[in-house]
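Each chain, written out:
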Amino acid sequence: MSLKSEGSSKYRDAAPVKVAGAWRRNVAIINVVAISILVIVSLGYIFAQDAPGYLFWVLLVADVCILYTQWVLKTRNTAEVMKIISHDCDPDKLIKVIDMIEPALHNKTDRQSFHSIYAVCCSQMGYDDIALEWASHLEAENPRNARIRFTVASVRTAVAKHRNDAGTLQAMRSLVAAISAGAGRDIELTNAADALIAAIDRKLALMAGNYAQVRELNDVIARYAVNPQAKLSNEYDRAELEDALGNTAAAWQHYSRVAEQGGTLAIRGLAESWLAAHSLSQGSEGAAI
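Attention here is on the structure that accompanies the text. Just so you know, the residues in each chain are numbered from 1, in the order the chain's sequence is written. pLDDT decides what is reported in this predicted model: residues at 70 or higher carry local features, side-chain atom pairs at 80 or more are listed and counted, and totals for whole chains, interfaces and linings draw on all residues regardless. Processing note: side-chain calculations cover all non-hydrogen atoms of the structure and skip hydrogens and water entirely.

Quick notes on the packing of aromatic side chains
What characterises a pair of aromatic rings is the spacing of the ring centres plus the angle enclosed by the ring planes.
Move 1: Paired rings are identified among Phe, Tyr and Trp, the last through its six-membered ring, by centres lying within 6.5 Å, and are further divided according to the angle between planes into stacked (under 30 degrees), edge-to-face (over 60) and tilted (the rest). Tallied over the full model, the rule gives six aromatic pairs.
Move 2: Centroid distance tyrosine 236 to tyrosine 255: 5.7 Å. Interplanar angle 70 degrees. Geometry classified as edge-to-face. Placement of the pair is tyrosine 236 in helix H10 (residues 228–244) and tyrosine 255 in helix H11 (residues 248–261), with a sequence separation of 19 residues. Note on accessibility: tyrosine 236 and tyrosine 255 belong to one class, buried.
Move 3: Taken together, the ring pairs in this structure connect Tyr236, Trp252, Tyr255 and Trp274 into an aromatic cluster. Going along the chain from the N terminus, every DSSP run of H or I of four or more residues is numbered as a helix, and every run of E of two or more is numbered as a strand. The classification of residues rests on relative accessible area computed with a 1.4 Å probe and restricted to protein chains. Under 20% of the type maximum is buried, over 50% is exposed, and intermediate values are partly exposed.

So, in structure tokens, the structure goes:
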């Protein structure tokens, strides 16, 4: 079973324009329904005669619940779109979707969140300079949301890994550790931070030629890989290690999976280039193991 078949997004076969349209339509429906209910509840209280005093507090709690439900539904709507990269491994498509919904991003936090994902897409496609421009733009806005700051750090980490930049990797490790320390009860953010720290340590170990530690960290990272894109990145990491050790047959198996399932990720092209550079006999040997 392919990695991408494990919980693909519902938009996997939809064109970017249809995805953007569905996102905007869902947001509009959620907002209209929430506002309508708030207005009805408020008018009911205003025109209620001889309403008991406690009714105000009941309605206040009801309003908070409505607003919270609105936020949850909008978050789920956006999360499904984000699966285009995390589950479908198609950052190119997600970039096009974000371009189309940009005019509808009126909330500052929403805009920063989508811009940070845009930067992630660029880094995962190998457009490092563009990714860094977005990272710098977001850093200049000094976002309060810890998840957005973490995403920006992950972008700088990805570019530093591409460029074998040990100094930036160390700096990002310290930054991510600080974000993790302040994450509180946000277990998802804590796990993501721990996974990124492990990825940084793995890259530094690989650059130092400490292959035993690299293999150990590959297994650590695999435990945090909860979606197809993360699993595929771990697959590429394993291929990279086997190649460094001269285990061509083992590397072939890992690179083949990345090439087959990599979508528009840059690692797919790298895997294809590696496979093309090695003989068919080695590939046949690897496939037989």
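Some details on the packing of helix H8 (residues 187–208) against H10
Move 1: Relative orientation of the contacting elements H8 and H10 amounts to 15 degrees, with a least axis distance of 12 Å. With respect to H10, the element H8 is oriented roughly parallel. The crossing of H8 and H10 is left-handed. On H10, the residues that touch Arg202, Lys203 and Leu206 of H8 are Asp237, Glu240 and Leu241. Whenever a helix is involved, its axis is fitted only over the stretch in contact; in every case the axis is a line through C-alpha atoms, and angles between N-to-C directions fall within 0 to 180 degrees. The scheme is simple: roughly parallel for angles under 35 degrees, roughly antiparallel for over 145, roughly perpendicular for 65 to 115, oblique for anything else. Left-handed describes a crossing whose near helix is turned anticlockwise from the far helix by less than a right angle; the clockwise case is right-handed. We call two residues contacting when some pair of their heavy atoms lies within 4.5 Å.

Let's talk about the side chain of lysine 203
Move 1: Within the secondary structure layout, lysine 203 lies in helix H8.
Move 2: For the buried lysine 203, which has no salt bridge, the nearest side chain bearing the opposite charge is glutamate 240, at an N-O separation of 4.4 Å.
Move 3: We call two N or O atoms a polar contact when they sit within 3.5 Å, provided that within protein one can donate a hydrogen and the other can accept it, with sequence-adjacent residues counted only if both atoms are side-chain atoms. One polar contact links the side chain of lysine 203 to the main-chain carbonyl oxygen of lysine 161, over a distance of 3.4 Å.
Move 4: Sequence-distant contacts of lysine 203, that is, excluding residues within four places in its chain, are made with Lys161, Asn164, Leu169 and Glu240. Residues scored as charged are limited to Lys and Arg (positive) and Asp and Glu (negative), so that His and the chain ends carry no count. The term salt bridge refers to a side-chain nitrogen of Lys or Arg lying within 4 Å of a carboxyl oxygen of Asp or Glu.

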